[in-house]
Amino acid sequence: MYAKKKELQWTFHAKKRMSERHITEDHIVKVLEKPDIETHARLKGCRRAERKLGSRNFGVVYQES
């Protein structure tokens, strides 16, 4: 799966949380491609993208490598 022409790799933790919260890979791609807000995340070297899709707010923490 790709976002902004970059290949996405999912961690086990991310896949588990997505499953628990009924979030699809498509939701994540939409947030990463066009976030409403993008900031530094708490984890060093990571970013946080946020976007409202329908009635839900999504926050995605990611690291570019």
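So, here's what we can say about the structure. (Residues numbered from 1 in each chain as written. Predicted model: local features only at pLDDT ≥ 70, side-chain atom pairs only at ≥ 80, totals over all residues. Heavy atoms only, no water.)

## Quick notes on the overall build of the chain
Convention followed: Numbering of helices and strands starts at the N terminus; helices are DSSP runs of H or I of at least 4 residues and strands are runs of E of at least 2. Each radius of gyration reported is based on C-alpha atoms, and the globular scaling rule is 2.2 Å times the count of residues to the power 0.38.
The helix and strand inventory of the chain stands at 2 helices and 5 strands. Helices and strands in the chain line up, N terminus first, as β-β-α-α-β-β-β. Computed over C-alpha atoms, the radius of gyration of the chain comes to 11 Å, within 12% of the 11 Å expected from 2.2 N^0.38 for 65 residues, which places it in the range of a compact globule. Projected onto its principal axes, the C-alpha positions of the chain cover 30 × 25 × 25 Å.

## Some thoughts on the pairing of strand 5 (residues 56-62)
Just so we agree on the cut-off: When DSSP finds at least two bridges between two strands, those strands are taken to pair.
Relative to strand 5, strand 4 (residues 47-53) runs antiparallel, the two sharing 7 bridges. Along strand 5, the bridge assignment pairs Glu-50 with Gly-59. Taking the residues that link successive antiparallel strands as the turn, the strand 4-strand 5 hairpin has 2 residues, and the phi of Gly-54 there is positive, at about 65°.

## Re the pairing of strand 4
The sheet contact formed by strand 3 (residues 37-40) and strand 4 spans 4 bridges and is antiparallel. For Glu-38, the partnering residue across the bridge sits in strand 4 and is Ala-49. Connecting strand 3 to the next strand, strand 4, in antiparallel fashion are 6 residues, including Gly-45 with a positive phi near 85°.

## Points about the environment of Ala-49
Rule in force here: Using a 1.4 Å probe on the protein chains alone, a residue whose accessible area is under 20% of its type maximum counts as buried, one over 50% counts as exposed, and one in between counts as partly exposed. Should any heavy atoms of two residues lie within 4.5 Å, those residues are counted as being in contact.
Relative to the assigned elements, Ala-49 resides in strand 4. Overall, the relative accessible area of 1% leaves Ala-49 in the buried class. Through-space distance from the C-alpha of Ala-49 to that of Glu-25 is 14 Å; in sequence the pair is 24 residues apart. For Ala-49, the contacting residues outside a window of four places in its chain are Val-31, Leu-32, Pro-35, Ile-37, Glu-38, Phe-58, Gly-59, Val-60 and Tyr-62.

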